[in-house]
Amino acid sequence: SVTDVIPVNGFNREAVLRLAASAERGSEHPLGQAVVKAAQDAGYTLSQPEGFDSESGRGIRATIEGQEVLVGSPRFITEQGIAVTDYEPRIEALQAQARTAILVAIDSHTAGVLGIADTIKEGSTEAIAALQTAGLEVVMITGDNPLTAQAIAAEVGIKRVMADVLPGQKADAIKTLQTESKRVAMVGDGINDAPALAQADVGIAIGTGTDIAMEASDLTLMSGDLRGVARAIGLSKATMRTIYQNLFWAFIYNIILIPVAM
């Protein structure tokens, strides 16, 4: 959800949020949907984009009411030749509060900074604690900047974070973990998670996610509750334990009785 709207360069709150939301109408990204919802909740009337272009995991460009609107990460806006140095203290302050900072530029001028809070799913902290108790290392792979990622990780008890990972780099992040002689299970739900789910030793898809994520995974949870991951792993271990016990007693039985039969 959008928690902060900070207009700059003489722009007002309504212009920043309304134009950003109008640009994001064509986006399926959760951050974009949060911006649209905030503008609708504020009662602003959104315009239809006249043109729309998206760079996955970075930002979008759209033409709204004859104005070029850019919405994206500070890096994305900087790459468009727009200076953001003056706003870095505000950006870092938001990131330190576990907010994702999104910049809005209108006609090549920075217009505002949006702070978006990631909502931690119910049961996530409990699920991570259960996995760690079972002896598993939990790693967060995210496109968020390190400050925001570390703040969120601290809330849920995750110690290792791989931040600033673009959607196309998630599979490479899994490969990095695998080169550490680790067997990796990846949990994901989006289109961009599919390559990483396929690369992992075990891919676990969230049932409320996209079809392609489910297709690329080995296991699909029926709901979006992350506690299902811990239950699935526990069930898997119990199943393997039963198999080994059955094999053990079958061999003992045969070792004892085959000589008797002979």
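Look up a bit, the structure's there.
Quick caveat, the model's predicted, so the values are computed rather than measured.

J.: Break down the side chain of T110 for me, with residues and values.
T.: Examined against the element boundaries, T110 turns out to sit in strand β6 (residues 109-117). Within polar-contact distance, the side chain of T110 engages the backbone oxygen of A83 at 3.5 Å. The contact partners of T110, leaving out residues within four places of it in the chain, are V8, N9, F11, I82, A83, V84, Y87, V104 and A105.

J.: Before we move on, could you go through the sheet that holds strand β9 (residues 185-188) and cite the residues and values that matter?
T.: Reading across the sheet, the 3 strands line up as β9-β10-β11 and stay open at both edges, with parallel pairing between neighbours. Edge positions in the open sheet fall to β9 and β11 (219-220), since each of these has one partner strand only. In this sheet, β11 lies alongside strand β10 (residues 202-205) in parallel orientation, the contact comprising 2 bridges. Residue A205 lies in a different strand from β11, and its bridge partner there is T220.

J.: Could you give an account of the pattern of salt bridges, naming the residues involved and the relevant values?
T.: Evaluation of the coordinates by the stated rule reveals 12 salt bridges. Across the pair R99 and D4 runs a salt bridge, and its minimum N-O distance is 3.8 Å. On the criterion of sequence distance, the pair formed by R99 in strand β5 (residues 99-106) and D4 in strand β1 (residues 2-7) is long-range, its members being 95 residues apart. A relative accessible area of 23% places D4 in the partly exposed class. Put simply, D164 and R75 hold a salt bridge, and the shortest N to O gap is 3.9 Å. With D164 in the loop between β8 (160-162) and α7 (170-178) and R75 in helix α3 (residues 74-79), the pair connects residues that are 89 residues apart, well separated along the chain. Each of the salt bridges in this network shares a partner with another, and the network as a whole consists of E137, R160, E180 and K182.

Criteria and thresholds
Residues numbered from 1 in each chain as written. Predicted model: local features only at pLDDT ≥ 70, side-chain atom pairs only at ≥ 80, totals over all residues. Heavy atoms only, no water. Helix = DSSP H or I, 4+ residues; strand = E, 2+ residues; numbered from the N terminus. Polar contact = N/O pair within 3.5 Å; in protein donor to acceptor, adjacent residues only side chain to side chain. Contact = heavy atoms within 4.5 Å. Pairing = 2+ DSSP bridges. Salt bridge = Lys/Arg side-chain N within 4 Å of Asp/Glu carboxyl O. Buried < 20%, exposed > 50% of the residue type's maximum accessible area, 1.4 Å probe, protein only.

Everything listed here is a matter of coordinates, which is why it stays silent on function.
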